[in-house]
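# Chains, contacts and geometry: an overview
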Amino acid sequence: MPHTAARLRPFATSIFATMSRLAVERGAVNLGQGFPDFDGPSWIKDAAKAAIDQHSNQYAPLPGLPVLRQRLAARYTRDTGLPCDADTQVCITCGCTEAIAAALLGLCNPGDEVAIVEPFFDSYRGCLALASATPVPIALRPVVHNGRIIDMALDEGELRAAMARKPRAILFNTPHNPTGKVFTPAELALIARLCVEHDVIAISDEVYERLVFGGARHISIASLPGMADRTMTLSSIGKTFSLTGWKVGWVIGSPSLVTAARAAHQQLTFSIATPLQHAAAEALRREDDAVAELLPLLAENRDRLAEGLRRLDVELFMPDGTYFIYARHEALSRRLGVTPAPGQSPDVACCMALIDRGIAAIPPTAFYVRPELGASMIRLAFCKRRETIDQGLAKLAQL
Ligand SMILES: Cc1ncc(COP(=O)(O)O)c(C=O)c1O
């Protein structure tokens, strides 16, 4: 990569792009990248078409269309109980991906430290590299009881140590990709207390905020005591409405924090596709309808995939939210007779063998500062049509 800047070289190819390309090339069942193989509701697509036809095709204002910001501000107030001014506290971005970049680039000076919970969404590290900031990792570790992973628990010692370094921010994600964990009230309260004690900003990626199952409940850390003015809440419409390709996201926070994000957003993209912002506003108006339609499918897929994996003796963490099951690959690697090549991580070796047998999954070591923590795991996505899950399970059963 002779032309690629040194700080970006380690992050130049994403594991998602690699696995999705291989899945297409090999005609594999794609349980890898987290995008649905079905479209979001047709009434949202109709709203986008109508916006295009009504000449909403020129630049939107930098912070986003007022109608979308107002809808998000009202939604934020409903969810957190906090006041939110649509003019100064919301910035519309190109998906949550740009929200992450805008938050980090807007906040960090070169050399700043940022605490990140690992495993993490892969763009976190690349964006920290863009900002010339340094990650301080805090692990989620499996808690095993009677041979089952019952939690992916936040390492409290690492959390306290990272926060005592007074990083510029802590960046984390709940409901969590890739583990499917929904952070508990106690974990969020501890993070919040440490943010207040050490004067740290929370960057809270809540892109799966509506995708929680059973009795689990998503809590925005912004709603906890002392956090309203020190939290940037990030999300997008991609997951909630099964429209991952639309890339309409946002940052919400205090005017001062949103000013920082807007300063970066101005230079990154300036503004986001105008007709899709109109359609996103319509989507949010009827958000509960869309969620009510999607959740039963996701919950059933989760159960189906988990049951199929357990039949193959795969040890897994039963997710309370998101699109994903995080599992130990040992039983599959054994069936496949996988031996990692020299220098190859066992999770990558397993996923390469799986794709040869027609199933795409994601090896998670790329989601860690300390890859060894993820070497025994793989991630499987269940945000798919039921037939896709069944095809994947049939292929797994043949191993
Ligand atoms: C945790 C997390 N954050 C952010 C994103 C990116 O969201 P968007 O597609 O809206 O850019 C994803 C997408 O997979 C994700 O899983």
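Residues numbered from 1 in each chain as written. Predicted model: local features only at pLDDT ≥ 70, side-chain atom pairs only at ≥ 80, totals over all residues.

Attention shifts here to the overall build of the chain. Scanning the chain from N- to C-terminus turns up 13 helices and 13 strands. Over its C-alpha trace the chain gives a radius of gyration of 21 Å, about what one expects of a compact globule, namely 21 Å for 399 residues. The principal-axis extent of the C-alpha atoms belonging to the chain is close to 60 × 50 × 50 Å. Within the span of the chain, comprising 399 residues, buried residues form 52% of the whole. Look at the contacts in the chain between residues 6 or more apart in sequence, and 71% of them connect residues 24 or more apart. (Helix = DSSP H or I, 4+ residues; strand = E, 2+ residues; numbered from the N terminus. Rg over C-alpha atoms; globule rule 2.2 N^0.38 Å. Buried ≥ 20, exposed ≤ 12 C-beta atoms within 10 Å, placed from the backbone. Contact = placed C-beta atoms within 7 Å.)

Quick look at the domain arrangement of the chain now. Domain annotation for the chain reports domain 1 (9-40 + 289-397) and domain 2 (44-286). Relative placement of domain 1 and domain 2: their C-alpha centres are 24 Å apart. Domain 1 puts 36 residues into the contact, and the matching count from domain 2 is 40 residues. Secondary structure elements with two or more residues in the side of domain 1 that touches domain 2: α10 (287-311), β10 (316-317) and β11 (324-328). The greatest single-element share of the side of domain 1 that touches domain 2, amounting to seven residues, is contributed by α10. Broken down by class, the residue content of the side of domain 1 that touches domain 2 amounts to 23 nonpolar, six polar and seven charged. (Domains from an automatic or database assignment. Nonpolar A, V, L, I, M, F, W, Y, C, P; charged D, E, K, R; others polar.)

By size, the foremost hydrophobic cluster in this structure holds 135 residues, and its most contacted members are Ala103, Leu104, Ile170, Val251, Ala261 and Leu380. Ranked by residues supplied to this core, first place goes to helix α4 (residues 95-107) with nine residues. Built from parts of two domains, this core gets at least three residues from each of domain 1 (9-40 + 289-397) and domain 2 (44-286). (Core = buried A, V, L, I, M, F, W, Y, C linked by C-beta atoms within 7 Å.)

Now for the pairing of strand β8 (residues 231-236). Looking along a regular strand, one sees the side chains alternate between the two faces of the sheet. β8 sits mainly inside the fold: six of its six residues count as buried. Side-chain alternation along β8 places Thr231, Thr233 and Ser235 on one buried face and Met232, Leu234 and Ser236 on a second face that is also buried. Judged from the four bridges that link them, strand β7 (residues 201-205) and β8 form a sheet pairing that is parallel. Residue pairing for β8: Asp205 is matched across the bridge by Leu234. (Pairing = 2+ DSSP bridges.)

The packing of two helices is summarised by the inter-axis angle and the distance between the axes. Put simply, α10 and helix α13 (residues 386-397) touch, their axes get as near as 10 Å, and they point 5° apart. Between α10 and α13, the interaxial angle falls into the category roughly parallel. For the pair formed by α10 and α13, the contact residues are Asn301, Arg304, Leu305 and Gly308 on the first element and Arg386, Ile389, Leu393 and Leu396 on the second. In terms of residue class, the contact of α10 with α13 is built from four nonpolar, two polar and two charged. (Axes fitted to C-alpha atoms, helices over the stretch in contact; angles between N-to-C directions. Parallel < 35°, antiparallel > 145°, perpendicular 65-115°, else oblique.)

Of the consecutive residues Glu118 and Pro119, the connecting peptide bond is found in the cis state with omega at 5°. Within the element layout of this structure, Pro119 appears in the loop between β3 (113-118) and α5 (123-130). The amide bond that connects Asn177 to the next residue, Pro178, takes the cis arrangement and shows omega of 10°. By secondary structure assignment, the location of Pro178 is in the loop between β6 (169-173) and α7 (185-198). Of note, the phi angle at Ser242 is positive, near 55°, even though the residue is not glycine. Relative to the elements of secondary structure, Ser242 occurs in the loop between β8 and β9 (248-252). By C-beta crowding, Ser242 is classed as buried, having 23 other C-beta atoms within 10 Å.

The next point concerns the site of the ligand. In the vicinity of the ligand, 14 residues are found, and the nearest of them are Gly95, Cys96, Thr97, Phe121 and Ser236. Per-element accounting of the shell around the ligand gives the leading share, three residues, to α4. Taken together, the residues of the shell around the ligand sort by class into three nonpolar, nine polar and two charged. (Near = placed C-beta within 6 Å.)

In this section: helix α3 (residues 66-80). Over its 15 residues, α3 runs 21 Å from end to end, which matches the ideal 21 Å to within 8%, given 1.5 Å per residue. Leu68, Arg69, Arg71, Leu72, Ala73, Tyr76 and Thr80 are the residues of α3 that are buried. Among the structural elements, β2 (90-94), β9 and α9 (274-285) are those in contact with the buried residues of α3. Two residues or fewer past α3, Gly81 is found with a positive phi of approximately 80°. (Expected span 1.5 Å × (residues − 1).)

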